[in-house]
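Structure at a glance
This is what each chain is made of:
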Amino acid sequence: MDEILIIDYGSQYTQLLARKIREVGVYSRVDTPQKAHPSDKTMGVILSGGPQSVYSSNALNIPDWVLSSGLPILGVCYGMQLLVQKFGGRVLRGKVFEYGMTNVILSEDTIFSSLPKVVKVWMSHGDSVEKIPDSFIKIAESEAGITAAIRSSNKKIYALQFHPEVFQTEHGTEMIRYFVTQVCKARQNWKIVDYTSFAIEKIRKTVGNSKVIGAISGGVDSAVAASITARAIGENLQCVFIDNGLLRMEDESVPEKLQEVGMKIKRINSSDLFLERLKGVIDPEQKRKIIGKTFIEVFEKEAKLSDAEYLLQGTIYSDVIESAAASTTSAKIKSHHNVGGLPKKMKLKLVEPLRELFKDEVREVGKVLGLTPEILDRHPFPGPGLAVRIIGEVTRKRVDILRRVDDVYIQILRKAGEYPKIWQAFSVLLPVKSVGVKGDERSYGYVVALRAVNSAEGMTASWYPMPHDIIREISSKITDQIPEIGRVVYDVSDKPPATIEWE
Ligand code: XMP
């Protein structure tokens, strides 16, 4: 299988590059400048972006083999500056900053053929090219006159100052496709099924005969991570499913469904412990912290009972980006808890088979492993479960009401064919009662809010324009079947300013 080797200089977008190449149907491999080495299948090399300046005292360089191999090269951002310096051009340090969307004027070079003359691209650089090396020509320039792309005149070397891999860059995929298929001549024969076999082999090699323990949440990521690990090491994987009393009806059957496909899962009922600790708690952050801490406690106890050496985590690439962002710039909005975030102090070594994949690729891997759509196509569900969908105090009675409401809602969406069109749909129980009339009697029941959104990986969201006849059906079925509910409302808030969950 042909491959493109990406040398990672530390850009937060490196895995996106790898993903874009996979989208084009070509296998790509990411490695550090120190370790990267070509194989007989390597058809081209990409030098990624990175946070450094080529003038830093500890600046990472282009490994010697890259230029002597004669392989086609694409430099992106920092990768471009490395090439410029290497070939005798000059990089201007920190004089011109371009961050965000910039218009770039493209020449008629073949890499841009069939693209418009001006495209919007994502720039993120402080250093820029001041003098192009003699053996190179400029093929794109930003509106501010900064060199945006160059190409060697006699070798297959290209360099872009902007990031073709991020979705904001118009026609970025076409540029990458051209480089990979036309310049490198890589064959488009990569399939997710190959990745799955490769990942299974990698788990086997890493873990050997040791035991692995992992938590199953009912969500897609942990199910696929466990399934691929089970395929690799069989009985040596022990999965734990913790019932925290805050699950939806649809989550209940997940362990059985996974057991059906051959996984060993221990179910632990800790609902009394969780609900006891949540007694009287109203503050959303406090709820989240209590649940996160209790989850870890229960899981740690289990891990100690096993003789596991490894901890399986269902981390996917968007979690990696999110936690990097969370650790640096972003303000804390919510304390996230998920099974991908078990404590480091557990001193178990990590197995993270999905770390490089995006959600839709994880679903594809799941399909290859034979998981059913009932497991793979489910909407995301937060670690703290229904606790953050019950505004005010969480009690067993309220959980029970919300579980029934949610079940009616989701069943109708599935039956009507709406469920797959929506990124996430759920209901929220409000601590408010409202007057109504049922039969000829006055009623006084809870208000429930229905939420449905479409979203880009949960970072932003827009409320879903649900067909009116379906909302009507949902609303009347909820009030007919669940006597505690007196009123149903539909949430029409986008994120921002609202978040997807109410707490
Ligand atoms: P918000 O409410 O922050 O949610 O707009 C964005 C996405 O994240 C999910 N979410 C969580 N997922 N642990 C998780 O695994 C959590 O603690 C958590 N809180 C929110 C939420 O359901 C939405 O998909």
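Refer to the preceding data block for the structure.
Conventions and cut-offs
Residues numbered from 1 in each chain as written. Predicted model: local features only at pLDDT ≥ 70, side-chain atom pairs only at ≥ 80, totals over all residues. Heavy atoms only, no water. Buried < 20%, exposed > 50% of the residue type's maximum accessible area, 1.4 Å probe, protein only. Helix = DSSP H or I, 4+ residues; strand = E, 2+ residues; numbered from the N terminus. Pairing = 2+ DSSP bridges. Arc of directions from axis to C-beta. Phe/Tyr/Trp six-rings, centres within 6.5 Å; stacked < 30°, edge-to-face > 60°. Lys NZ or Arg CZ within 6 Å of the ring centre and 35° of its normal. Axes fitted to C-alpha atoms, helices over the stretch in contact; angles between N-to-C directions. Left-handed = near helix turned anticlockwise from the far one by under 90°. Contact = heavy atoms within 4.5 Å. Nonpolar A, V, L, I, M, F, W, Y, C, P; charged D, E, K, R; others polar. Expected span 1.5 Å × (residues − 1). Core = buried A, V, L, I, M, F, W, Y, C linked by side-chain atoms within 4.5 Å.

Burial analysis of strand S3 (residues 42-47) places five of its six residues in the buried class, the great majority of the element. Examined bridge by bridge, strand S1 (residues 3-7) and S3 share five bridges and lie parallel to one another. Across the sheet, Ile4 pairs through a bridge with Gly44, a residue of S3. Here three bridges tie S3 to strand S4 (residues 73-76), and the two strands are oriented parallel to one another. In the strand pairing of S4, Val45 is matched with Ile73.

Inspection of helix H12 (residues 359-368) places Lys359, Glu361, Val362, Val365 and Gly366 among the buried residues, and these make up the whole buried set. Taken down its axis, H12 places every buried residue within 160° of arc, on the same side.

A complete count under the given rule lists eight aromatic pairs for this structure. Relative to Phe179, the ring of Tyr158 has its centre 6.4 Å away and its plane inclined at 75°; by these criteria the two rings are edge-to-face. Placement of the pair is Tyr158 in strand S11 (residues 157-160) and Phe179 in helix H4 (residues 172-183), with a sequence separation of 21 residues. Ring geometry for Trp190 against Tyr195: centres 6.5 Å apart, planes inclined by 75°, an arrangement best described as edge-to-face. For Tyr195, a relative accessible area of 6% puts it in the buried group. Each member of the aromatic cluster is reached from another via a ring pair, and the members are Tyr27, Trp190, Tyr195 and Phe198. Its end group placed over the ring of Tyr446, Lys433 keeps NZ or CZ at 5.2 Å from the ring centre. Residue placement shows Arg442 over the ring face of Tyr444; its charged tip is 5.4 Å from the ring centre.

Here helix H5 (residues 192-207) crosses helix H6 (residues 220-233) at 65°, and the two axes come no closer than 9 Å. Relative to H6, H5 is oriented so that their crossing is right-handed. Each of Thr196, Ala199, Ile200, Ile203, Arg204 and Val207 in H5 lies in contact with H6, whose residues at this interface are Ile228, Thr229, Arg231, Ala232 and Ile233. Here the contact of H5 with H6 is built from residues that sort into seven nonpolar, two polar and two charged.

We now examine helix H15 (residues 468-481). Look at H15: 20 Å from first C-alpha to last across 14 residues, which is about the 20 Å you get at 1.5 Å a residue. If you check which residues of H15 are buried, you get Ile470, Ile474, Ile478 and Thr479. Viewed end-on, H15 has its buried residues packed into an arc of 155°, placing them on one side of the element. Those residues of H15 that are exposed and angled more than 90 degrees off the buried face are His468, Asp469, Arg472 and Asp480. Its buried side turned inward, H15 meets helix H14 (396-415), strand S17 (424-438), strand S18 (441-456) and strand S20 (485-490).

If you trace the nine strands from one edge of the open sheet to the other, you get S2-S1-S3-S4-S11-S10-S9-S6-S7, paired in mixed fashion. Every other strand in the sheet has two partners, leaving strand S2 (27-31) and strand S7 (118-125) as the edge strands with one partner each. With strand direction ignored, the average angle separating the axes of adjacent strands in the sheet is 25°. Here S1 runs beside S2; their pairing, made up of five bridges, is parallel. Within S2, the residue paired with Ile6 across the bridge is Val30. Along the sheet, H4 makes contact with S1, S3, S4, S7 and S11, crossing S11 at roughly 170°.

We now examine the nonpolar core. Judged by nonpolar contacts, the single largest core of 48 residues is most densely connected at Tyr409, Leu413, Ile478 and Ile485. Breaking this core down by element, the ones donating at least two residues are strand S12 (212-216), strand S13 (237-243), helix H9 (271-277), helix H10 (284-305), H14, S17, S18 and H15. No other element matches the nine residues that H14 contributes to this core. Beyond its immediate sequence surroundings of up to four residues, Leu413 is in contact with Glu418, Tyr419, Ile422, Ala425, Met466, Ile470 and Ile474. Listed in part, the 39 residues of the second largest apolar core include Trp190, Ala230, Met263 and Ile375.

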